[in-house]
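Structural overview for review
The residues making up each chain are set out below.
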Amino acid sequence: MEEMKKKRILSGIQPTGTFTLGNYIGAVRNWAVMQEQFECLYMVADLHALTVRQEPAALRAHTREAAAMLLAAGIDPARSILFVQSHVPSHTMLNWVLCCNTQFGELSRMTQYKDKSAKHPDNVNAGLFTYPCLMAADILIYNADLVPVGGDQKQHLELSRNIAQRFNNTYSPTFTMPEPYITKAGAKIMSLQEPTKKMSKSDTNANSFILMTDTPDQIMKKFKRAVTDSEGVVRADSENKPGVTNLMSIYSVFTGKEFSRIEAEFAGKGYGDFKEAVAQSVIDTFRPIQEEYARILADKAYVDQVLKDGAAAAARIADRTTAKVYRKVGLLQL
Ligand code: TYM
């Protein structure tokens, strides 16, 4: 009997520093699980990181660290392709064609572009503007069926679909239409200090985010300082109690408990007990990952070999798509 073809997954993460709890819950945690069912490609998006000024030595170090963290979080190179974006030059080759098939107006509407250009007014570069075309290239070049991301990437995914559809209509069916895969629980983990804002590693207040490399002591302290409200009751209400609701989401993801059960567990108890339990659930989840991370990162040769093999495997797929696209748009091939 013919084996059913597995759906293909592609996702990426920027090596702009250590991953946050938001990155883990919104994306990375799902990546490891998806390996069971799908053919997966996971990428350290180093080219995307260049849209914000990076210190070169730090970017190099963070790229290897990001790969080690993904391995520690359960990405298995025997089952998935793990690679660095800049190691597969086809991404930038396809990017150009997609840039030429994307409208200025479409890119102007991207909220991430608007946010980042407001945050870095001294460096509103062209790469920041065309970033979604490169992201579309990352996805479409592998004909990915599903793209597991956090809620903040949804708009970029929609644009990728529009670009794919337009290209397919203009030339001929070429790209698979990618579907976003966004889990409801934890699609957007909020800042611990301003719970109406997304948790982000670029936040200037280090108490607002948890890093995957934070020590148990740091994690406990940051949760204890987390902004809540004055009601003193653990109950979900994202509009009026965004801080408490965010902590409940984190606790729910790590313990598997539903909101109603969490509310019952902490009925009559103060926020102190609740925050401690949330922090402990994060500490317990991260402990084995941190141990693996230290072990893997110490073996630089191993990480580099995984990335070399990953880039070669990814390029075999990507180069074929790029050649096809170049032919379809009329570039002379000898
Ligand atoms: P990046 O590096 O900003 O984030 C990596 C992943 O983490 C998710 N995420 C969150 N999820 C929940 N709550 C949060 N607070 C939170 N913060 C981040 C993001 O949604 C993302 O899934 N453009 C992408 C990288 C990329 C990519 C791709 C992704 C490049 N090419 C192709 C998918 C497919 C980015 O900057 O992610």
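Definitions and cut-offs
- Residues numbered from 1 in each chain as written.
- Predicted model: local features only at pLDDT ≥ 70, side-chain atom pairs only at ≥ 80, totals over all residues.
- Heavy atoms only, no water.
- Near = heavy atom within 4 Å.
- Polar contact = N/O pair within 3.5 Å; in protein donor to acceptor, adjacent residues only side chain to side chain.
- Axes fitted to C-alpha atoms, helices over the stretch in contact; angles between N-to-C directions.
- Helix = DSSP H or I, 4+ residues; strand = E, 2+ residues; numbered from the N terminus.
- Parallel < 35°, antiparallel > 145°, perpendicular 65-115°, else oblique.
- Left-handed = near helix turned anticlockwise from the far one by under 90°.
- Contact = heavy atoms within 4.5 Å.
- Nonpolar A, V, L, I, M, F, W, Y, C, P; charged D, E, K, R; others polar.
- Core = buried A, V, L, I, M, F, W, Y, C linked by side-chain atoms within 4.5 Å.
- Buried < 20%, exposed > 50% of the residue type's maximum accessible area, 1.4 Å probe, protein only.
- Domains from an automatic or database assignment.
- Salt bridge = Lys/Arg side-chain N within 4 Å of Asp/Glu carboxyl O.
- Buried area = accessible area lost by both parts, 1.4 Å probe.
- Arc of directions from axis to C-beta.
- Phe/Tyr/Trp six-rings, centres within 6.5 Å; stacked < 30°, edge-to-face > 60°.

**Things to note about the site of the ligand**
With respect to spatial proximity, 27 residues lie near the ligand, and among them Gln 14, Tyr 131, Asp 138, Asp 152 and Ile 189 are the closest. Asp 138 has a polar side-chain atom sitting 2.7 Å from a nitrogen atom of the ligand. With respect to the ligand, the side chain of Gln 153 contributes an N or O atom lying 3.2 Å from a nitrogen atom.

**Structural notes on the packing of helix H4 (residues 90-99) against helix H7 (residues 126-140)**
Where H4 contacts H7, the axes come no closer than 8 Å and their chain directions differ by 120 degrees. The orientation of H4 with respect to H7, classified from their angle, is oblique. The interaxial crossing formed by H4 with H7 has right-handed handedness. Only Thr 130, Cys 133, Leu 134, Ala 136, Ala 137, Asp 138 and Leu 140 of H7 make contact with H4, whose side of the interface consists of His 91, Leu 94, Asn 95, Leu 98 and Cys 99. The residue inventory of the contact of H4 with H7, partitioned by class, reads eight nonpolar, three polar and one charged.

**A closer look at the nonpolar core**
With 61 residues, the main nonpolar core has Leu 21, Phe 223 and Phe 286 as its most contacted residues. With eleven residues, the top contributor of residues to this core is helix H12 (residues 271-297). No fewer than three residues from each of domain 1 (8-186 + 299-329) and domain 2 (206-294) sit in this core. Leave out the neighbours within four places in its chain, and Leu 21 touches Met 199, Ile 210, Phe 223, Ile 250, Phe 254, Val 282 and Phe 286. By size, the runner-up hydrophobic cluster in this structure holds 42 residues, among which are Leu 41, Ile 163, Ala 311 and Ala 315.

**Structural notes on the pattern of salt bridges**
In this structure the tally under the stated criterion is 20 salt bridges. Across the pair Glu 179 and Arg 161 runs a salt bridge whose closest N-O atoms are separated by 3.5 Å. Within this pair, whereas Glu 179 is found in strand E5 (residues 179-181), its partner Arg 161 is found in helix H8 (residues 154-170), the two being separated by 18 residues in sequence. You can call Glu 179 partly exposed: its relative accessible area is 41%. Here Arg 235 and Glu 231 are joined by a salt bridge, their closest N and O atoms 3.2 Å apart.

**A few points about the domain arrangement of the protein chain**
Parsing the protein chain into structural domains produces domain 1 (8-186 + 299-329) and domain 2 (206-294). Between the C-alpha centres of domain 1 and domain 2 there is a distance of 30 Å. Taken residue by residue, the interface counts 13 residues in domain 1 and 15 residues in domain 2. In total, about 1300 Å² of surface goes out of reach between domain 1 and domain 2, with carbon and sulfur atoms giving 81% of it. Contact with domain 2 buries area across many residues of domain 1, yet Leu 21, Tyr 24 and Met 69 alone supply 42% of it, more than any other trio. Here domain 1 and domain 2 share zero salt bridges between them.

**Section: the environment of Lys 116**
Structurally, Lys 116 is set in helix H6 (residues 111-119). When the C-alpha positions of Lys 116 and Phe 209 are compared, they lie 18 Å apart, and in sequence the two are 93 residues distant. The residues contacting Lys 116, other than those within four sequence positions of it, are Gln 14, Val 52 and Leu 128.

**Things to note about helix H9 (residues 216-224)**
Among the residues of H9, those classed as buried are Ile 219, Met 220, Lys 222 and Phe 223. Seen end-on, H9 carries its buried residues on one side only, within an arc spanning 165 degrees. In this fold, the buried residues of H9 make contact with helix H1 (21-34), helix H10 (242-255) and H12.

**Some thoughts on unusual backbone geometry**
Most peptide bonds take the trans configuration, and most residues that are not glycine carry a negative phi. At Asn 143, a position not held by glycine, the phi torsion is positive, near 50 degrees. Looking at where Asn 143 falls in the secondary structure, it is placed in the loop between H7 and strand E4 (146-148).

**A word on the packing of aromatic side chains**
Each aromatic ring pair is described using two quantities: the centre-to-centre distance and the angle formed by the ring planes. Under the counting rule described, the total for this entry stands at twelve aromatic pairs. Look at Phe 104 and Phe 129: their rings are 4.8 Å apart centre to centre, the planes differ by 45 degrees, and that puts the pair in the tilted class. Pair noted here: Phe 104 is in helix H5 (residues 104-108) and Phe 129 is in helix H7, with a separation of 25 residues, a long-range link. When its relative accessible area of 61% is taken as the criterion, Phe 104 is described as exposed. Aromatic pair Tyr 251 and Phe 274: ring centres 6.4 Å apart, planes at 80 degrees, arrangement edge-to-face. Placement of the pair is Tyr 251 in helix H10 and Phe 274 in helix H12, with a sequence separation of 23 residues. Tyr 251 gets classed as buried once you look at its relative accessible area, which sits at 5%. On the accessibility criterion, Phe 274 (0% relative accessible area) is buried.

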